[in-house]
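Here is what each chain is made of, one letter per residue.
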Amino acid sequence: MHVSALEASLSRLLETPGVVGAALVDAVTGLTYCAVGDARAAGDGADTAELAAVITDRVGPAGDGGELESVIVTTARHYHVVRTVRRAGDPLLLVAALDRDRTNLALALRQLNGHVEGVLA
């Protein structure tokens, strides 16, 4: 996918109420392919990939047996949503930073989940 098309696709996430930044990250290498909005709020790609790997490593031994779908991290100012994007090859991570004061988390998650498949379209 061309970078400008990817940027346009990610920019649509910024239309979700409360989303202040988003990024698409390689889940294995941590390489950030594209970031929109407040990239600092979306976080560092390598740190996000490492977080997803640690959680995946812990979920298996805990008896879940499934693959990581999403993670929500809360801070005093933001919700950080990390969603796995399945594709051929290494999975990707869709990361969105949401302003806690302006976000209905349940509605935002529903809208973000709807965007996941369209990100690479």
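Residues numbered from 1 in each chain as written. Predicted model: local features only at pLDDT ≥ 70, side-chain atom pairs only at ≥ 80, totals over all residues. Heavy atoms only, no water.

## Here's the deal with the overall build of the chain
Point 1. Tallying secondary structure elements over the chain gives four helices and five strands in all.
Point 2. Traced from its N-terminal end to its C-terminal end, the chain shows the element sequence α-β-β-α-α-β-β-β-α.
Point 3. Here the chain holds 121 residues, and the buried ones make up 38% of them.
Point 4. Partitioning the contacts of the chain with sequence separation of at least 6, the portion at a separation of at least 24 is 51%.
Point 5. Accessible surface computed for the chain: about 6800 Å², of which carbon and sulfur atoms make up 51%.
Point 6. When the 10 positive and 15 negative side-chain charges of the chain are each reduced to one mean point, those points stand 5 Å apart. (Helix = DSSP H or I, 4+ residues; strand = E, 2+ residues; numbered from the N terminus. Buried < 20%, exposed > 50% of the residue type's maximum accessible area, 1.4 Å probe, protein only. Contact = heavy atoms within 4.5 Å. Areas by Shrake-Rupley, 256 points an atom, 1.4 Å probe, with all protein chains shown as cover. Lys, Arg positive; Asp, Glu negative; His and termini not counted. Charge placed at Lys NZ, Arg CZ, Asp CG, Glu CD.)

## Things to note about helix α4 (residues 105–116)
Note on helix geometry: an α-helix contains 3.6 residues per turn, so any two residues three or four positions apart are oriented the same way.
Point 1. End to end, α4 covers 16 Å across twelve residues, agreeing with the expected 16 Å (1.5 Å per residue, within 8%).
Point 2. Every buried residue belonging to α4 is among A108, L112 and V116, and all of these are buried. Seen along its axis, α4 keeps its buried residues to an arc of 80°; they face one direction. Turned more than 90 degrees off the buried face of α4, the exposed positions are A106, R110 and G114. (Expected span 1.5 Å × (residues − 1). Arc of directions from axis to C-beta.)

## Re the pattern of salt bridges
Point 1. Considering all chains together, one arrives at two salt bridges under this definition.
Point 2. Across the pair D26 and R87 runs a salt bridge whose closest N-O atoms are separated by 4.0 Å. With D26 in strand β1 (residues 19–26) and R87 in the loop between β4 (78–85) and β5 (92–99), this residue pair connects regions lying 61 residues apart in the sequence.
Point 3. In this structure, D99 and R102 form a salt bridge, with 3.6 Å as the shortest nitrogen-oxygen distance. (Salt bridge = Lys/Arg side-chain N within 4 Å of Asp/Glu carboxyl O.)

## So, the sheet that holds strand β2 (residues 32–37)
Point 1. The strand order β2-β1-β5-β4-β3 describes an open sheet built from five strands, whose pairing is antiparallel. Since the sheet does not close on itself, it has two edges, and those belong to β2 and β3 (70–74), each with one partner. Within the sheet, the average angular offset between the axes of one strand and its neighbour, ignoring direction, is 15°.
Point 2. Each of β1, β2, β3, β4 and β5 touches helix α3 (residues 45–59); the most contacted strand, β5, lies at about 110° to it.
Point 3. In the packing of α4 onto the sheet, the strands contacted are β1, β3, β4 and β5, and the crossing angle to β4 comes to about 30°. (Pairing = 2+ DSSP bridges. Axes fitted to C-alpha atoms, helices over the stretch in contact; angles between N-to-C directions.)

In short, shape yes, function no, at least from these values alone.
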